[in-house]
Amino acid sequence: MLARPIRAAAVALLAAAAIAAAPLAAQQPAAPARAAAPVTVLKAARLIDGTGAAPVANAVVVVVGDSIAAVGTAATVKVPDGAKVIDLGDATLLPGFIDAHVHLTGRQLGDPRGDNSAVRDYAAFGAILGVEHARVTLLAGFTSVRNVGAGHFDEMALRDAITQGFIPGPRIEASGHPLGIIGGHCDVDGYAPGLEDLDWKQGVVTGPEEGVAAVRYMVKYGADVIKICATGGVLSEGDAVGATQLTYDEMKAIVDEARKLDRKVAAHAHGTEGIKLATRAGVASIEHGSFLDVEGAKLMAADGTVLVPTLMAGEAAARAADAGVLKGLRAQKAYAAAAGLKNAVRIAHDNHVTIALGTDAGVDPHGKNAHEFTLMVQWGGLTPMEAIVAGTMNGAKLLGWDKHVGSLAAGKWADIVAVPGDPLADITAVERVSFVMKGGVVYKAPGAP
């Protein structure tokens with residue numbers, strides 16, 4: 001679950017014999033002086049707070065410990081005595097970016113061993129790869145992510161290792177196994193019968209009852225969010241990319257059970273009909289949404305369903321088809337989805353659907369996540385400010401973390417990034433993050449790789 005950075009505390013141990021012999025007053029050692037929380041002041045030419053408000057010029061942010069204490073201009077915010085001051089110059093301060101659709105663990109698209117990894121890799125292999133993927137994601141400015149699908153509960157292990165301070169990485173909202181039909185996009189298919197037959201404990205469900213059981217199982221082992229596959233996919237073998245898979249009754253049972261357990265549901269859905277069924281079932285977000293139509297967009301807007309379009313995944317899949325990495329039906333699906341995504345985002349935007357940034361990182365390279373901002377502007381028709389809000393406050397609201405992250409405001413956690421120049425004038429500036437702070441800890445500063 002979402003957690004503040006762990007602060008180690010020293011524990012004093014007293015010998016029992018000494019306690020018995022000493023006077024009562026001597027048995028009560030004076031409490032050690034509590035160290036004052038470190039104070040860091042960030043300065044930059046401008047600040048975009050993540051809410052869509054106008055930028056602030058000559059910006060100052062005061063960080064005390066792991067939280068933001070003050071945000072404003074150099075004329076209105078007093079720099080505390082003794083504070084460490086970091087002047088970033090002609091840069092823009094922004095909230096830590098949020099990627100609402102990643103796969104941090106496991107092999108990436110294009111890895112020659114990727115297609116057989118489910119039956120050849122050690123169970124821990126994907127989690128080990130995830131350590132490096134998490135690190136480069138954080139250094140790219142993404143301080144929070146939603147990991148929507150991993151085997152062996154790898155992302156829970158990765159999340160906990162980050163939360164407990166063992167390795168660097170973003171805050172992670174984890175889903176466990178995605179839930180889908182036998183032979184569908186969430187199933188590991190294409191192997192000989194009996195080689196990789198999965199059941200509901202690995203996310204392959206048949207009927208509402210198994211869907212409910214799978215939700216409970218995922219939550220039992222740490223799922224913060226539930227992922228379902230409402231339609232076929234690009235990288236799965238043998239299914240049409242837009243074909244409806246889970247039924248409405250199955251999706252509704254899953255959503256209802258997740259809601260009872262205070263979890264949201266994210267629905268992988270490319271196909272037009274699957275998008276509408278998942279929206280009517282009550283999912284929180286549609287992932288990809290490649291073949292969204294106006295009717296579906298209006299339905300999503302009315303229900304408050306968020307679109308996470310993953311434009312980078314479409315671009316990466318089409319590139320993989322060009323290179324021959326994806327062949328046959330998978331190449332055909334890649335081209336169709338990439339073309340559809342461009343239209344889908346514009347349809348969603350025109351019909352007032354809330355859009356949150358998601359990359360499907362793992363299909364595209366980890367650490368390049370900020371390219372999604374650029375594609376939302378160039379392909380999707382969003383303004384630079386709308387794209388920034390999609391990757392900050394909209395993402396925070398979707399994850400349910402907006403009380404703590406997603407905008408720069410006093411009282412929120414100090415997840416702060418900086419980019420050179422003005423991203424409203426050149427959105428590609430967000431791809432060149434120069435400063436990263438998460439929970440008040442600096443992970444990247446100017447001059448660092």
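Worth saying up front: this structure is predicted, and the values here are computed from it rather than measured. (Residues numbered from 1 in each chain as written. Predicted model: local features only at pLDDT ≥ 70, side-chain atom pairs only at ≥ 80, totals over all residues. Heavy atoms only, no water.)

Draft legend 1. How the structure looks around the overall build of the protein chain. Check the secondary structure of the protein chain and you find 13 helices and 15 strands. Taken over 449 residues, the protein chain has a buried fraction of 53%. In the protein chain, the share of contacts with a sequence separation of at least 24, taken over all contacts with a separation of at least 6, comes to 69%. For the protein chain, the accessible area works out to roughly 18800 Å², and carbon and sulfur atoms hold 56% of it. (Helix = DSSP H or I, 4+ residues; strand = E, 2+ residues; numbered from the N terminus. Buried < 20%, exposed > 50% of the residue type's maximum accessible area, 1.4 Å probe, protein only. Contact = heavy atoms within 4.5 Å. Areas by Shrake-Rupley, 256 points an atom, 1.4 Å probe, with all protein chains shown as cover.)

Draft legend 2. Representation of the nonpolar core within the structure. Counting residues in each nonpolar core, the largest one holds 76 residues, and the members touching the most others are F97, I226, I228, I286, F373 and M376. Contacts of F373, omitting those with residues within four sequence positions, involve F97, F142, L357, A387, I388, G391, I427 and V430. (Core = buried A, V, L, I, M, F, W, Y, C linked by side-chain atoms within 4.5 Å.)

Draft legend 3. The arrangement of helix α11 (residues 371-378) in detail. In terms of burial, α11 is largely enclosed, as seven of its eight residues are buried. What α11 keeps buried is the set H371, E372, F373, T374, L375, M376 and V377. Contact partners of the buried residues in α11: β6 (97-102), β7 (142-147), α9 (311-322) and α12 (384-390).

Draft legend 4. Structural view of the packing of helix α5 (residues 208-220) against helix α6 (residues 248-260). In the contact formed by α5 and α6, the axes pass within 8 Å of each other and the chain directions differ by 30°. In this view, α5 runs roughly parallel relative to α6, as classed from their interaxial angle. Along this stretch, α5 crosses α6, giving a crossing that reads as right-handed. Packed against α5, whose contacting residues are P208, G211, V212, V215 and R216, the element α6 presents D249, E250, A253, I254, E257, A258 and K260 at the interface. For the contact of α5 with α6, the per-class residue count stands at six nonpolar, one polar and five charged. (Axes fitted to C-alpha atoms, helices over the stretch in contact; angles between N-to-C directions. Parallel < 35°, antiparallel > 145°, perpendicular 65-115°, else oblique. Left-handed = near helix turned anticlockwise from the far one by under 90°. Nonpolar A, V, L, I, M, F, W, Y, C, P; charged D, E, K, R; others polar.)

Draft legend 5. Structural detail: the environment of D360. Structurally, D360 can be placed in the loop between α10 (328-350) and α11. Once the C-alpha coordinates of D360 and A316 are considered, the two residues, 44 residues apart in sequence, prove to be 9.8 Å apart. In contact with D360, other than residues within four places in its own chain, are H101, H103, H288, T310 and A313.

Draft legend 6. The pattern of salt bridges, seen in detail. Within this structure, the stated rule accounts for 13 salt bridges. Of the charged contacts in the structure, one is a salt bridge between E295 and K276, with a shortest N-O distance of 2.7 Å. In this pair, E295 is assigned in helix α8 (residues 294-303) and K276 in helix α7 (residues 272-281), connecting sequence segments 19 residues apart. The class for K276 is buried, based on a relative accessible area of 6%. (Salt bridge = Lys/Arg side-chain N within 4 Å of Asp/Glu carboxyl O.)

Draft legend 7. Highlighting unusual backbone geometry. Positive phi values are uncommon outside glycine, yet D262 reaches one of about 60°. With a relative accessible area of 69%, D262 lands in the exposed category. Within the chain, T310 stands out as a residue other than glycine whose phi angle is a positive 50°. Its place among the elements puts T310 in the loop between β12 (306-308) and α9.

Draft legend 8. Up close: the packing of aromatic side chains. Using the criterion set out here, one finds six aromatic pairs in the structure. Measuring from ring centre to ring centre gives 5.0 Å for Y217 and Y221, while their planes differ by 65°; the resulting arrangement is edge-to-face. Residue Y221 is classed as partly exposed on the basis of its relative accessible area of 39%. Among the aromatic residues, ring-to-ring pairing joins F97, F142 and F373 into one connected group. The ring of W379 carries K342 above its face, with NZ or CZ at 4.4 Å from the centroid. (Phe/Tyr/Trp six-rings, centres within 6.5 Å; stacked < 30°, edge-to-face > 60°. Lys NZ or Arg CZ within 6 Å of the ring centre and 35° of its normal.)

Draft legend 9. Up close: the pairing of strand β2 (residues 56-64). Across eight bridges, the pairing between strand β1 (residues 39-47) and β2 is antiparallel. The partner of T40 across the bridge, within β2, is V63. Two elements, β2 and strand β3 (residues 67-73), share six bridges in a ladder whose sense is antiparallel. Among the inter-strand pairings, V60 is bridged to a residue of β3, identified as G72. The hairpin turn running from β2 into β3, its antiparallel successor, is two residues long, and G65 in that turn takes a positive phi close to 65°. (Pairing = 2+ DSSP bridges.)

Draft legend 10. Expanded view of the environment of K260. Along the polypeptide, K260 turns up in helix α6. At 3.1 Å, the side chain of K260 forms a polar contact with the side chain of E257. (Polar contact = N/O pair within 3.5 Å; in protein donor to acceptor, adjacent residues only side chain to side chain.)

Draft legend 11. Highlighting the sheet that holds strand β10 (residues 264-269). Reading across the sheet, the four strands line up as β9-β10-β11-β12 and stay open at both edges, with parallel pairing between neighbours. Each of the sheet's edge strands pairs with one partner strand only, and the pair in question is β9 (225-229) and β12. Neighbour-to-neighbour, the strand axes of this sheet turn through a mean angle of 25°, independent of strand direction. As paired elements, strand β11 (residues 285-288) and β12 share three bridges and run parallel to each other. Directly across from I286, in β12, lies its bridge partner L307.

Draft legend 12. Main features of the packing of helix α3 (residues 125-139) against helix α4 (residues 154-163). Interhelical geometry of α3 versus α4 gives an angle of 45° and a closest axis separation of 9 Å. Put simply, α3 runs oblique to α4. Considering only the axes of α3 and α4, their crossing is right-handed. Packed against α3, whose contacting residues are G126, A127, G130, V131 and A134, the element α4 presents D154, L158 and I162 at the interface. Each residue belonging to the contact of α3 with α4 can be placed in one class, and the counts come to five nonpolar, two polar and one charged.

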